Amino acid sequence: MKIFNNQLHQLHRGQQEMYRGRLVDCHEVPQRLDHVLSELAKRPVGQLITPSTHLNLDAALRDVHTSDYLAFLSTAWEEWVKLSPDNANRDALPSVWPLPGMHAFRMDKPPVNFAAKLGQYAFDAGTPLMAGTWTAAREGAACAVAAAQALIAGEKATVALTRPPGHHAGAAYMGGYCFLNNAAIAAQYLRQHAMHRVAVLDIDYHHGNGTQSIFNDRPDIYTVSIHGDPLTEYPFFLGHADERGSGAGEGYNLNFPLPRGTQFETWYATLQRALQVISDFSPQALVVPLGLDTYEGDPISGFKLKSEHYLQVGRALASLRLPTVFTLEGGYAVSDFGINTVNVLEGYQYDSISP
Ligand code: Q9C
Ligand code: ZN
């Protein structure tokens, strides 16, 4: 198993996120990845690799994200500091948004003011952007591209070991701690350079709204997500069971919303149903946005999986016998995050080497 490691992730280090009317400490912290690395030092399930700087990364980013969004992200920090010199010590967070009804009538006049632009490209105030965000997120996307390339070259399973996460990011928006959609970038790369059919199975606690939206009208990338019911759980505005894709993509998205409080037995039975759907699609590769916020100890989520269950999750994913890219997503019980992540990878390895 080749594990592509984002060594620049620490450049993204948010101070605070807006939560219920006040700023609270960020959940998505650099220490998350440190815990995975220290667990991997104890249980080396694969080799750690820094992605090459010679990838055609810009093309891979443009195949998923719009060029205006990429231009926004790459200059955002500079523009934020230009608003006021004091901003240099403060993360950028949006506070004003163009709701669909408002946006529709002045699409022809995109705002020049950066605070307004931030609202145009971000769907929540929980995703701070700072000086190192673009560099860190871009290197994470490089990990995703490298993971896809290694799969094409014949690896059975590869990992984009990175943060910030990606599955909430859409073609033209950030949110949910995500900026570039690493899973979508890997899936699109696989599709474009090698495989006819790719499946995405998102097992983060939160619905993979960005990935679903990016591939919503396409039949060649089947997106499946198991997550907390959006009626009560973030990201709220997408992720219901009746969202099946549209146009040519109709029938190629499937959501499994589950109530807050769901225990492993029910979650695992749902995973088996998702695996069957994917197997029926007969994809040539699988991308797994891997969130560990389904853990019982997660501070912002509501499922009840225990650490040992993640070994079984890894084995179940391997049972598909598909070349698989994992991208690291959420998981905020920081001190157990390394154990839980490596449990999935170890479980996967165990099943893929057994007869
Ligand atoms: N009380 C990922 O797991 N805040 N993003 C929710 C819940 C946003 C999660 C607050 C959660 C985003 C990648
Ligand atoms: Zn999540």
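Located above this text is the structure these notes cover.
Residues numbered from 1 in each chain as written. Chains lettered and ligands numbered in written order. Predicted model: local features only at pLDDT ≥ 70, side-chain atom pairs only at ≥ 80, totals over all residues. Heavy atoms only, no water.

(A) Quick peek at the overall build of the protein. When its secondary structure is counted, the protein shows eleven helices and ten strands. Scaling as 2.2 N^0.38, a compact globule of 355 residues should have a C-alpha radius of gyration of about 20 Å, and the protein matches this with 19 Å. Summarising its shape, the C-alpha atoms of the protein cover approximately 60 × 45 × 45 Å along the three principal directions. The burial tally for the protein puts 56% of its 355 residues in the buried class. When contacts within the protein are restricted to residue pairs at least 6 apart in sequence, long-range pairs at least 24 apart make up 79% of them. Across the protein, the centroid of the 26 positively charged side chains sits 2 Å from that of the 35 negatively charged ones. (Helix = DSSP H or I, 4+ residues; strand = E, 2+ residues; numbered from the N terminus. Rg over C-alpha atoms; globule rule 2.2 N^0.38 Å. Buried < 20%, exposed > 50% of the residue type's maximum accessible area, 1.4 Å probe, protein only. Contact = heavy atoms within 4.5 Å. Lys, Arg positive; Asp, Glu negative; His and termini not counted. Charge placed at Lys NZ, Arg CZ, Asp CG, Glu CD.)

(B) View of the layout of surface pockets. Volume-wise, the largest pocket comes out at about 1,300 Å³. If you go around the largest pocket, you meet 45 residues; those closest to its centre are F123, D124, Y234, P235 and F237. Taken together, the elements giving at least two residues each to the lining of the largest pocket come down to β2 (16-19), α4 (100-105), α5 (114-121) and α8 (209-214). Within the lining of the largest pocket, the residues separate by chemical class into 25 nonpolar, 13 polar and seven charged. (1 Å grid on protein atoms, 1.4 Å probe; cavity = no way out; pocket = protein on both sides within 12 Å on 5 of 7 lines; lining within 4 Å. Points joined across faces, edges and corners; volume = space filled by probe spheres on them. Nonpolar A, V, L, I, M, F, W, Y, C, P; charged D, E, K, R; others polar.)

(C) View of the site of ligand 1. Within the structure, ligand 1 sits among 13 residues, and Y19, G176, H206, D293 and Y332 are positioned closest to it. In this structure, Y19 approaches ligand 1 through a side-chain N or O atom, which is 3.4 Å from a nitrogen atom. Y332 has a polar side-chain atom sitting 2.6 Å from an oxygen atom of ligand 1. If ligand 1 stood free it would expose 410 Å²; the protein chains cover 88% of that surface. Of the residues in the shell around ligand 1, the class split is six nonpolar, five polar and two charged. (Near = heavy atom within 4 Å. Polar contact = N/O pair within 3.5 Å; in protein donor to acceptor, adjacent residues only side chain to side chain. Areas by Shrake-Rupley, 256 points an atom, 1.4 Å probe, with all protein chains shown as cover.)

(D) Looking closely at the coordination of the zinc ion (ligand 2). Looking at the metal site, the zinc ion (ligand 2) is ligated by D204 (OD), D204 (OD), H206 (ND1) and D293 (OD), spaced 1.9 to 2.7 Å from it. Spacing between the donor residues of the zinc ion (ligand 2) along their common chain follows D-x1-H-x86-D. Taken together, the positions of H206 in the loop between β6 (198-202) and α8 and D293 in the loop between β9 (285-290) and α10 (309-318) put the pair 87 residues apart, joining distant regions of the chain. Residue classification places H206 among the buried positions, given a relative accessible area of 6%. (Donors = N, O, S within 2.8 Å, 3.2 Å for Na, K, Ca; no water.)

(E) Summary view of empty space enclosed by the protein. Per the stated rule, a full pass over the model turns up two cavities of 30 Å³ or more. Approximately 60 Å³ is the volume attributed to the largest cavity. Contributing to the lining of the largest cavity are H12, G14, E17, C26, E28, G126, T127, P128, Y177 and F179. Taken together, the residues of the lining of the largest cavity sort by class into four nonpolar, four polar and two charged. A volume near 40 Å³ is recorded for the second largest cavity. In this structure, the second largest cavity is lined by V200, D202, G208, T211, Q212, T223, V224, S225 and N253.

(F) The arrangement of the side chain of T211 in detail. Looking at the element boundaries, T211 is found in helix α8. Apart from residues no more than four positions distant in its own chain, T211 is found in contact with H167, A169, N181, A184, V200 and T223.

(G) Looking closely at unusual backbone geometry. Cis geometry marks the peptide bond from R163 to P164; its omega dihedral reads -5°. Considering the arrangement of structural elements, one finds P164 in the loop between β5 (157-161) and α7 (182-193). A cis amide bond links Y234 with the next residue in sequence, P235, at an omega value of 5°. Turning to its location among the elements, P235 is positioned in the loop between β7 (221-228) and β8 (253-258). A positive phi angle, close to 45°, is found at R20, a residue other than glycine. Take R20: it is sitting in the loop between β2 and β3 (22-25). Positive phi is not limited to glycine here, since R321 has a value of about 55°. Position of R321 relative to the elements: it lies in the loop between α10 and β10 (324-328).

(H) View of helix α6 (residues 133-152). For α6, spanning 20 residues, the distance from its first C-alpha to its last is 29 Å, which sits close to the expected 28 Å at 1.5 Å a residue. Taken across its 20 residues, α6 has 16 buried, putting it largely inside the fold. (Expected span 1.5 Å × (residues − 1).)

(I) Focus on the packing of α6 against α7. Packing of α6 against α7 brings their axes to within 9 Å, and their N-to-C directions diverge by 35°. Regarding α6 and α7, the two cross each other, and that crossing is right-handed. Where α6 abuts α7, its residues A137, G140, A141, A144, V145, A148, Q149, L151 and I152 lie against N182, I185, A186, Y189, L190 and H193. Counted by class, the contact of α6 with α7 contains eleven nonpolar, four polar and no charged residues. (Axes fitted to C-alpha atoms, helices over the stretch in contact; angles between N-to-C directions. Left-handed = near helix turned anticlockwise from the far one by under 90°.)

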